[in-house]
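Observations on the model geometry
Next come the chains, spelled out residue by residue.
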Amino acid sequence: MKFSRISKIFLISALGLFLFMGFLLAAGGSHPVLAQENATPTSTPAIELTATATPASMSSGGHSDCLGCHSNPNMVGKFTNGETISLYYNETQHADSIHADRGLGCRACHADQGNYPHPMSSEKTCTTCHSNITGGTDSSKNGQLFFDIPLENPRALSLELNETCKRCHQDQAQEVKSSDHERILANGNPYAPVCIDCHGSHDVKPVGERDSPKMCANCHKAAYTAYKSSVHGAALEDNGNPDVPTCGNCHGTHSVKGPAEGNFRADSIELCAKCHADKELMAKYGISTNVFNTYLDDFHGRSVNFSRESNMKVDKATCYDCHGVHNILPPQDKASTVYPANLLHTCQHCHADADITFPQAWLSHKVPDWTDAPVLYAVNLAYIIVIPLLIGGFLIYIALDAYHRISTRRKKAGHK
Amino acid sequence: MMKTPVNNDASANKESSPKVLQRYISRREAIEAARRFHSVDGKRVVVRFTMGQRIEHYILLISFTLLGITGLAQTFADNPVGYFILNLFGGIDSTRVIHHTAAFIFGALSIYHVAKFLYQFFMGHRLPKMMPDWSDLTQLVEMLKLNTGLSQKHPRFDRFNFEEKAEYWALVWGTVVMGLTGLMQWFPVATTYYLSGGSIPIARSFHKWEAILAILAILTWHMYHSVIKKLNTSIFTGVMTMEEMEEEHPQELAYLQAASAVADNRSWPVMIEVPLEDEKEPEPVVPPVEEVKTPEPVSSPAEETNNSESAAPAVEQKKDDTENPKTAGEIE
């Protein structure tokens, strides 16, 4: 019989599409994120300490030369805007620093200052002490000796000296370039934190991961206050718990980023999962590791995870949208955003019209079983039984029919 | 579906052999039966689906396929194939938009289909041909006997056989389940105004499993019966050849031949005899073949015939419509 070309095309394309869907069904696969997560547990310490400590040698860096002048507590540096800083050097500060352990002295950092007189200094520098030689006026006041520093203010000096760090710490300098702090600095705020603000100058030290919250609190007071009362922060404050995340664990250290930057929001689910999908770690605290699976299996998680993988906009709820960020609390805590009584309010952040029963739509990260969600469990079970039975029945019928047809056709052909 | 002899028809010769179905038909039925016969390129064919029904199938095909692909891709977003498809459609959010659009089309089609059924049932006085009855069960048993070699008797299928009815009602069930659970997920906040929140994950589960079941059913049952077994293009072309009708719907063909043979009769209703067994082939009745090159859908013959029949006696009219309302423009 005849039928139009369009019909043929439709038939063939329809068949192709259905076969394709079948292939889609057949091709199973584990979750790539989880697989990857299990394969490479990563942890990078804030600072790599590879060199072994050498005995402190103050003289190697020209310490004793410098101390000829800088041991005088009356030495004061004066900036062009009138601000002053003490030029007195307290040896004990440096003695504790990591640089002292490596045998680095003054000139390791203050290399630009060279020998005396410092290239930065003016003629007036000499006369500050030796006023009797030139007969000029004595710039000292109350016994203090003022030295002009040809820079606007102490911060300008800090920023200038900060460049010195990058000579040796190139990797960190590279990381810093992508940080929010560097961006703020580049935008013209000189008070954006630089190396010495976190690590110190003469008393330079690596910042321990466990110490970072107090360090960050110098500027980020509100975040720290919230963190301190959170389940993570409280554990750190109380007993220095080594498992809880500190600022750096989530925001990064040298490449520190806020939530508005890059993929922070999308990647945050991985951040939480790093610990909360770790069975060994969570077993210590009796926390379920199903939180990540169940999240990924639900509407929000699946959307967020896909958008994350394909670098698309993430506009569905991530972990911290429900659980809070710095103020995160266990769900049993009455102040928690996910405490049953607070859940509706939390949902309403996005689902503004949500009604009192709406939060029940979320299964609280539980894998539905017979006791928690009997209806859901029964539906799943029923379909798992019915589908193979029904499709199996279809296939048996089809097999019988096909066998009969083929054998009849053969018989007919044989008779001819 | 042609009723078996056990009917409220005038089946006085029920016990006699060969088995025939005796029934009265109206002029409308006879004319509509005659109009089912056409000639395409010199070959005699029988109109099986109207243009409207064929368009319905096209829309169903496209929207179902789209729904299946976009739905499975969302369900199996972790799978490389699912991931690929989601990206193909421009991300999971735009895939969802396409899914919702296809769902809207599917829903509109379903509403149109039901509305058309209700109109034809109440206004056109046509009985649904898709209704399952006991003969379907007996034909299933006959078919199984035939296929397992227990019998050589092939069941004589009417307008729609049990395979097609199973397909149709599976689709109806699937549409209801998928439509309801889909809307619940589409508007979760509104749903929880009326139902408990726990209904949303249940709807989600239903939607996923029912989709898998529906797609598997289409891939096995539908694909086998209309493509693999023997390519049946009548849903696209609208017509079946006489040979195909003889093979797949002999009972319907027998009725159409018997009914169209009396189309020129002057007094109505007319009793026709429709053979119910293969042994007694229907007499080679040559129905009036209309000189139409392409098959035209039988479009709303109800109004025409109603007008032409308006002069008929009231008693007969009633009899036609209530007892023997079978016509060519059946609904399914």
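Rules used in this analysis
Residues numbered from 1 in each chain as written. Chains lettered and ligands numbered in written order. Predicted model: local features only at pLDDT ≥ 70, side-chain atom pairs only at ≥ 80, totals over all residues. Helix = DSSP H or I, 4+ residues; strand = E, 2+ residues; numbered from the N terminus. Buried ≥ 20, exposed ≤ 12 C-beta atoms within 10 Å, placed from the backbone. Contact = placed C-beta atoms within 7 Å. Pairing = 2+ DSSP bridges. Axes fitted to C-alpha atoms, helices over the stretch in contact; angles between N-to-C directions. Core = buried A, V, L, I, M, F, W, Y, C linked by C-beta atoms within 7 Å. Nonpolar A, V, L, I, M, F, W, Y, C, P; charged D, E, K, R; others polar. Parallel < 35°, antiparallel > 145°, perpendicular 65-115°, else oblique. Left-handed = near helix turned anticlockwise from the far one by under 90°.

For the rest of this paragraph, the subject is the overall build of chain A. The helix and strand inventory of chain A stands at 23 helices and three strands. In chain A, which comprises 416 residues, the share counted as buried stands at 19%. Sequence separation of 24 or more characterises 57% of the internal contacts of chain A that already satisfy a separation of 6 or more.

On to the sheet that holds strand β3 (residues 145-149) of chain A. Residues and elements named next belong to chain A. Pairing is mixed across the open sheet formed by three strands, whose spatial order is β2-β1-β3. Only two strands of the sheet have a single neighbouring strand rather than two, namely β2 (84-86) and β3. Across the sheet, the axes of successive neighbouring strands diverge by a mean angle of 30°, strand direction being ignored.

One finds A:Phe292, B:Ile202 and B:Ala203 to be the most contacted residues of the largest nonpolar core, which totals 26 residues. At the level of secondary structure, the elements contributing two or more residues to this core comprise α17 (264-276), α19 (290-297), α21 (319-323), α22 (340-347) and α23 (374-415) of chain A together with α8 (199-228) of chain B. In this structure, B:Val20, B:Leu21, B:Ile25 and B:Ala30 belong to the second largest nonpolar core, which totals 24 residues.

Buried within helix α20 (residues 299-309) of chain A we find A:Gly301, A:Arg302, A:Ser303, A:Val304, A:Asn305, A:Phe306 and A:Ser307. A:Asn311 sits one or two residues past α20(A) and shows a positive phi near 55°.

Turning our eyes to something else, we now look at the interface of chain B and chain A. Every contact between the two is made by 50 residues of chain B and, on the other side, 51 residues of chain A. Counting only elements with at least two residues in the side of chain B that touches chain A, the list comes to α2 (51-75), α3 (80-88), α5 (134-147), α7 (188-194), α8 and α9 (234-237) of chain B. When residues of the side of chain B that touches chain A are assigned to their parent elements, the largest contribution, 18 residues, is made by α8(B). Of the residues assigned to the side of chain B that touches chain A, the class counts are 31 nonpolar, 17 polar and two charged.

Looking now at the packing of helix α6 (residues 162-186) of chain B against α8(B). Residue and element names in this part refer to chain B. As a packed pair, α6 and α8 sit with axes 9 Å apart at the nearest point and diverge in direction by 155°. Classified by the angle between their axes, α6 and α8 sit roughly antiparallel to one another. Taken as a pair, α6 and α8 cross one another with a handedness that is left-handed. Among the residues forming the contact of α6 with α8, the class breakdown is eleven nonpolar, eight polar and four charged.

The values are spatial; any link to function lies outside them.
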